[in-house]
Amino acid sequence: GDDHIDVQAWLVGAGKSGLVALWDVRRGSSLSCHDNIIEPVISWKSHGGRWIADARFLPNDANSKTYSPNRLVTAGNDGTVCLWDLTSTSVKTCAPKLLVQT
């Protein structure tokens, strides 16, 4: 089997209102032409500011057994940079675990 991480199958969108959303684009392959919305796998309010300036997946650890990204970095116009653990989400907010905020 293929042991590489298929990060190309994942899309991150971020922008207005400090929201970040992740999509698994493989989920959209079975949609008919009449479906025009693919819901994100997860979305959350990540920054206190009004805009997310950038959002990028970090490479997974070489020992990772998952085919989805483990870490995400976001930068907001609130002046903060956040590192998110995508393998752990809050039961209360459904947001990934915030590892570091600068």
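Residues numbered from 1 in each chain as written. Predicted model: local features only at pLDDT ≥ 70, side-chain atom pairs only at ≥ 80, totals over all residues. Heavy atoms only, no water.

A. Spotlight on the overall build of the protein chain. When its secondary structure is counted, the protein chain shows 0 helices and 7 strands. With the model as given, the accessible surface of the protein chain reaches about 6,800 Å², and the carbon-plus-sulfur share is 53%. (Helix = DSSP H or I, 4+ residues; strand = E, 2+ residues; numbered from the N terminus. Areas by Shrake-Rupley, 256 points an atom, 1.4 Å probe, with all protein chains shown as cover.)

B. Representation of the side chain of Thr-80 in the model. Structurally, Thr-80 is set in the loop between strand 5 (71–76) and strand 6 (81–89). There is a polar contact of 2.8 Å between the side chain of Thr-80 and the side chain of His-47. Those residues within four positions of Thr-80 in sequence are excluded, and the remaining contacts are His-47, Thr-74, Ala-75, Gln-101 and Thr-102. (Polar contact = N/O pair within 3.5 Å; in protein donor to acceptor, adjacent residues only side chain to side chain. Contact = heavy atoms within 4.5 Å.)

C. Inspection of the environment of Asp-24 at higher detail. Turning to its location among the elements, Asp-24 is positioned in strand 2 (residues 19–24). A relative accessible area of 9% means that Asp-24 is categorised as buried. Separated by 14 residues in the primary sequence, Asp-24 and Ile-38 have C-alpha atoms spaced 9.2 Å apart. Among residues more than four places away in sequence, those in contact with Asp-24 are Ala-9, Trp-10 and Val-41. (Buried < 20%, exposed > 50% of the residue type's maximum accessible area, 1.4 Å probe, protein only.)

D. Highlighting the packing of aromatic side chains. Inspection of the entire model under this criterion finds 1 aromatic pair. Ring centres of Trp-44 and Trp-84 lie 5.5 Å apart, and the angle between their planes is 70°; this geometry places the pair in the edge-to-face category. Of this pair, Trp-44 sits in strand 3 (residues 42–45) while Trp-84 is found in strand 6, placing the two residues 40 residues apart along the sequence. Accessibility assignment for this pair places Trp-44 and Trp-84 in one class, buried. (Phe/Tyr/Trp six-rings, centres within 6.5 Å; stacked < 30°, edge-to-face > 60°.)

E. Looking closely at unusual backbone geometry. In this model, Ser-17 sits at a positive phi of 70°, which is unusual for a non-glycine residue. Here Ser-17 is to be found in the loop between strand 1 (10–14) and strand 2. For Ser-17, a relative accessible area of 36% translates into the label partly exposed.

F. Representation of the pairing of strand 6 in the model. Looking at chain direction, strand 5 and strand 6 are connected through 5 bridges and run antiparallel. Counted as the bridge partner of Thr-74 is Cys-82 from strand 6. Linking strand 5 back to strand 6 in an antiparallel pair, the connection comprises 4 residues, with Gly-79 at a positive phi of about 85°. Note that strand 6 and strand 7 (residues 96–101) share 5 bridges and pair antiparallel. Considered in strand 7, the bridge of Leu-83 is made with Val-100. (Pairing = 2+ DSSP bridges.)

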